[in-house]
Amino acid sequence: MRKFLLAAAAVASALIAPIAAKAQDTTVGVTGGNTVVIEQGGGIIAEQRPAFRNYVVEQRVPAFTIPDRVAVGTTLPEAGVTYYDVPQRFGSTPYRYTVVNGTTVLVEPKSRRIVQVIN
């Protein structure tokens, strides 16, 4: 009986572990009666990225060009880049967005560091 219980506990742990890991990546909140899910770091979750990209295209945000590769951790120049607020429907985030080298990115406003590349 003891072996059966240990085996059942092991199976249950194996099934729950991916759910627990996923829960650590996201935060759920309620805003204006709607449930909003954002990544733990305040980024836009994968399910909302296509809609966010469409939003940015609809806004006709001008793209800025930099000589560096666009990647998380890249610091954008002090001058010449305009940052925009992320609409509440995509989650409450301390970050702003812009388009650099044709790619939409989330940026930490004070440091100008890219925190998320929206693919």
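Above this text sits the structure in question.
All chains use their own residue numbering, which begins from 1 and follows the written sequence. Only residues with pLDDT of 70 or above have their local features reported here, since the model is predicted, and side-chain atom pairs are shown and tallied only from 80 upward, although totals for entire chains, interfaces and linings are computed over all residues. Working from all heavy atoms in the structure, the side-chain values ignore hydrogens and water.

A. Spatial organisation of unusual backbone geometry. A positive phi is found at R60, a non-glycine position, where the angle reads about 55 degrees. Strands here mean DSSP runs of E at least two residues long; helices mean DSSP runs of H or I at least four residues long; both are numbered from the N terminus. The topology assignment puts R60 in the loop between α2 (49-59) and β3 (63-64). Residue N101 is not a glycine yet carries a positive backbone phi of 50 degrees. With respect to the secondary-structure elements, N101 resides in the loop between β5 (96-100) and β6 (103-108). Throughout this description, buried means an accessible area under 20% of the type-specific maximum (1.4 Å probe, protein chains only), exposed means over 50%, and partly exposed covers the range between. Here N101 falls in the partly exposed class, since its relative accessible area comes to 33%.

B. Fine view of the environment of R60. Classification of R60 by relative accessible area gives exposed; the value is 73%. Taking the C-alpha atoms as reference, R60 lies 9.9 Å from V99; in sequence the two are 39 residues apart.

C. Looking closely at the environment of V56. If you trace the backbone, V56 turns up in helix α2. Separated by 41 residues in sequence, V56 and Y97 have C-alpha atoms that sit 9.0 Å apart.

D. Up close: the environment of R96. Turning to its location among the elements, R96 is positioned in strand β5. Along the primary structure R96 and P109 are separated by 13 residues, whereas in three dimensions their C-alpha atoms are 6.4 Å apart. Ignoring sequence-local partners within four residues, the contact set of R96 consists of Y83, Y84, D85, V105, L106, V107 and P109. Here a polar contact is taken to be a pair of N or O atoms separated by no more than 3.5 Å, where protein atoms must pair a possible hydrogen donor with a possible acceptor and residues adjacent in sequence count only if both atoms sit in side chains. For R96, the side chain forms a polar contact with the side chain of D85, separated by 2.8 Å. Within the local environment of R96, its side chain forms a polar contact with the backbone oxygen of P94, the two atoms lying 3.3 Å apart. Note on definitions: a residue-residue contact is assigned when non-hydrogen atoms from the two residues lie within 4.5 Å.

E. Representation of the pairing of β6 within the structure. Here, strands pair whenever DSSP counts at least two bridges between them. Relative to β6, β5 runs antiparallel, the two sharing 5 bridges. Bridge pairing in β6 links V100 to T103. Turn length for the β5-β6 hairpin, with the two strands adjacent in sequence and antiparallel, is 2 residues, and the turn residue N101 shows positive phi of about 50 degrees. Strand direction decides the pairing type here: β6 and strand β7 (residues 113-118), joined by 5 bridges, are antiparallel. By the bridge assignment, V107 is partnered in β7 with I114. Between β6 and the antiparallel strand that follows it, β7, lie 4 residues; R112 among them carries a positive phi value of about 65 degrees.

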